[in-house]
Amino acid sequence: MTATVCRFEPSLIFEWGTNIGKSARIFYEISKYFHIPTAIHTCDLPDDVDHVEHPHAQRGAMVQGLSGVTLHQGDGLSTSLRLWEESGRPDRPLFFLDGDHSYASVRREIDGILEAVPDPVLLLHDTFLQSSESGYNIGPRRAFEESLAVCQGRFNAVHSGLSLPGMSLLYSTAPPAAKAGSSSLNT
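What this report covers is the structure whose coordinates are included nearby.

Conventions adopted
- Residues numbered from 1 in each chain as written.
- Predicted model: local features only at pLDDT ≥ 70, side-chain atom pairs only at ≥ 80, totals over all residues.
- Heavy atoms only, no water.
- Axes fitted to C-alpha atoms, helices over the stretch in contact; angles between N-to-C directions.
- Helix = DSSP H or I, 4+ residues; strand = E, 2+ residues; numbered from the N terminus.
- Parallel < 35°, antiparallel > 145°, perpendicular 65-115°, else oblique.
- Left-handed = near helix turned anticlockwise from the far one by under 90°.
- Contact = heavy atoms within 4.5 Å.
- Nonpolar A, V, L, I, M, F, W, Y, C, P; charged D, E, K, R; others polar.
- Core = buried A, V, L, I, M, F, W, Y, C linked by side-chain atoms within 4.5 Å.
- Buried < 20%, exposed > 50% of the residue type's maximum accessible area, 1.4 Å probe, protein only.
- Phe/Tyr/Trp six-rings, centres within 6.5 Å; stacked < 30°, edge-to-face > 60°.
- Lys NZ or Arg CZ within 6 Å of the ring centre and 35° of its normal.
- Salt bridge = Lys/Arg side-chain N within 4 Å of Asp/Glu carboxyl O.

A separate point is the packing of helix α3 (residues 76-86) against helix α4 (residues 103-116). The contact between α3 and α4 brings their axes to 10 Å, and the two run at 20 degrees. As summarised for this structure, α3 and α4 are arranged roughly parallel, according to the angle between their axes. Judged by the twist between their axes, the crossing of α3 over α4 is right-handed. Facing α3, whose interface residues are Leu77, Leu81 and Trp84, α4 presents Arg108, Glu109, Gly112, Ile113 and Ala116. Class assignment of the residues belonging to the contact of α3 with α4 gives a composition of 5 nonpolar, 1 polar and 2 charged.

Here you go:
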């Protein structure tokens, strides 16, 4: 997570489904320590949705009141894409996906981001490559690999599969679009 934020210096970070805000807090601490100006948006389920991992009153407890972190309720994908659009579609927004969801959910989220955002940075949690015989959390890595195969050559992928839970990084092979009057080190 630290290497990704330091390497890409995203002006926007979106994450969802991380319950009490652990991931958002990590991103907050990274950006604060390394002086990387970024807005962090964390999204979780609305109050009226019933789910085993619903945080209810603990929603965002680890980031409540922190400057630069905004809590949202709703569908993580659609909320994040709307916020990205409203922010002027900045280059290389970072999307952190908690892969501890179903294959279908992770695939929907990855494909939705890749379809809407020309140069996203995706960091996907829970992608340790396991055999199907393990019966444990094989969907996120499968969704990642299948989505990557569809857009061959458009993205680079890095997997940190040294141990559970594993993370995978996906980023555009193209440099970010040049903005008038600015220079970017994010290539």
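Trp16, Phe95, Ile110, Ile113 and Leu122 are the most contacted members of the largest nonpolar core, which totals 23 residues. Elements represented by at least two residues in this core include exactly β1 (12-16), α3, β4 (94-98), α4, β5 (121-125) and α5 (139-150). Those residues in contact with isoleucine 113 that sit more than four places away from it in its chain are Trp16, Leu77, Phe95, Leu97, Pro120 and Leu122. The next biggest cluster of nonpolar side chains, apart from the first, holds 19 residues, and it includes Val5, Ile36, Val63 and Leu123.

This model, assessed by the stated rule, comprises 4 aromatic pairs. Aromatic pair phenylalanine 8 and tyrosine 171: ring centres 5.2 Å apart, planes at 50 degrees, arrangement tilted. Linking phenylalanine 8 in helix α1 (residues 2-8) with tyrosine 171 in strand β7 (residues 167-172), this pair joins segments that are 163 residues apart in sequence. When sorted by exposure, phenylalanine 8 lands in the same class as tyrosine 171, which is buried. An angle of 75 degrees between the planes, with centres 5.5 Å apart, marks the rings of phenylalanine 27 and phenylalanine 96 as edge-to-face. On the criterion of sequence distance, the pair formed by phenylalanine 27 in helix α2 (residues 22-33) and phenylalanine 96 in strand β4 is long-range, its members being 69 residues apart. Taking relative accessible area as the criterion, phenylalanine 96 reaches 2% and is therefore assigned buried. We note arginine 7 situated over the ring of phenylalanine 8; from NZ or CZ to the ring centre the distance is 5.0 Å.

Taken as a whole and assessed by the stated rule, the structure comprises 5 salt bridges. Close ionic contact of arginine 82 with glutamate 86 constitutes a salt bridge, the shortest N to O distance being 3.3 Å. Of this pair, arginine 82 and glutamate 86 both sit in helix α3, 4 residues apart, which is roughly one turn of that helix. Classification of glutamate 86 by relative accessible area gives exposed; the value is 56%. The partner of glutamate 85 in a salt bridge is arginine 89, and the shortest N-O contact between them spans 3.2 Å. Overall, arginine 89 belongs to the partly exposed group, its relative accessible area being 39%.

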